[in-house]
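# Examination of the molecular architecture
Spelled out from the first residue to the last, the chains are:
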Amino acid sequence: MNFTTLNATCYYFDAVVNIGYVRHEDKGMLIDAGIDDSVMRKVLKELRANELPITHLFITHAHADHYGGAQFLQKRHDITTIAPKFEAAILQNPTLEPLYLFQGNDPLQELHNKFLEGKPIQVNQEIEAGEHNIDGFSFITHLLPGHSYHQLAMEINGILFAGDSYFSEEQLDKHKIPYITDADLTLESLHKLKEITCDGAVPGHGVFEQDFTQTVEKNIECHETLLNWLENFISEAEEGISHETVVSEMCEHFAVKNSMLSSWLLYRTAVTAYLIGLIKREKIEHYMERNRWKFKKVQSE
Ligand SMILES: [Zn+2]
């Protein structure tokens, strides 16, 4: 984990999940908190070594890899925690994540793991998109849903801490079908990102880039390719195709191997996000048949 200086007040810990840090006089704010106690222990050690204060925490969205280390921080320091509304509900009740991934059924024991469920944290201030001034930290939050329902990226002192609103190219290649909840909203957020003028951006996974538009373009390309593949695949099935089959075939085609229920649940949500995208674009329609959720190409008149 490297602690990288971005400008006079902004830094970030580059790690599997990046963590931002912003200094304001005798105060310091972390942006996201890593996946667990051991990550946070390293972060606190580094801040101590550099004599940097820690008083505030902002969480971009309620995924365990972004807030799993937050409870450890809250137990050791007097922290003001800020989070987007809605995401805050999950941060305070983390079982909601395995619960929603499991379609509302009581999650099986194996789903209560640190990748799907962090330790609960306190949220002192729930915020929306817009301009904020909190205890001297002056920043803008941008609503960028599509990967998480109410994800907010933070623009502060020229740097955009983007959360998971876009991924590095390596992440796109690795996951093959990126985790999203709605392809249409994801693309809308990516186009919105290109309009933000700042000195550079730190994504949740990947490296800081001054000009991140190329990487955002790669994300757009990736989602459009997946949408095209899925549209063609569904249009070949004249009798329609069930949700279960679409999930299985799309994962097979893109060489995604799920050996565990928890990872399959994430991919089921991702594949469904592309189905939702095609429904919104009116490329496919959905219906029920013999208690199966099915999809077929919209017939042009
Ligand atoms: Zn995420």
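As a reminder, the structure under discussion sits directly above these lines.
First things first, this report covers the structure right here in the doc. All values derive from a computational prediction rather than experimental measurement.

Calculation notes
Residues numbered from 1 in each chain as written. Predicted model: local features only at pLDDT ≥ 70, side-chain atom pairs only at ≥ 80, totals over all residues. Heavy atoms only, no water. Helix = DSSP H or I, 4+ residues; strand = E, 2+ residues; numbered from the N terminus. Donors = N, O, S within 2.8 Å, 3.2 Å for Na, K, Ca; no water. Tetrahedral: all angles 85-135°; square planar, octahedral: opposite > 155°, others 65-115°. Buried < 20%, exposed > 50% of the residue type's maximum accessible area, 1.4 Å probe, protein only.

## Overview of unusual backbone geometry
Positive phi outside glycine occurs at Lys176, with the angle close to 65°. Mapping Lys176 onto the fold places it in the loop between α6 (169-175) and α7 (183-194). Positive phi, normally seen in glycine, also occurs at Arg290, with a value near 45°. If you trace the backbone, Arg290 turns up in the loop between β14 (284-289) and β15 (292-297).

## Side note on the coordination of the zinc ion
Taken together, His61 (NE2), His63 (ND1), His147 (NE2) and Asp164 (OD) make up the protein donors of the zinc ion, found 2.1 to 2.2 Å from the metal. Its 4 donor atoms give the zinc ion angles of 89 to 177° at the centre, a pattern that matches the irregular case. Within one chain, the residues donating to the zinc ion are spaced in sequence as H-x1-H-x83-H-x16-D. Linking His61 in the loop between β5 (56-58) and α2 (64-67) with Asp164 in the loop between β11 (159-163) and α6, this pair joins segments that are 103 residues apart in sequence. A residue is classified by how much of its surface remains accessible, and His61, at 0% relative accessible area, is buried. Residue classification places Asp164 among the buried residues on the basis of a relative accessible area of 3%.

It is worth stressing that arrangement in space is one thing and function is another; only the former is reported here.
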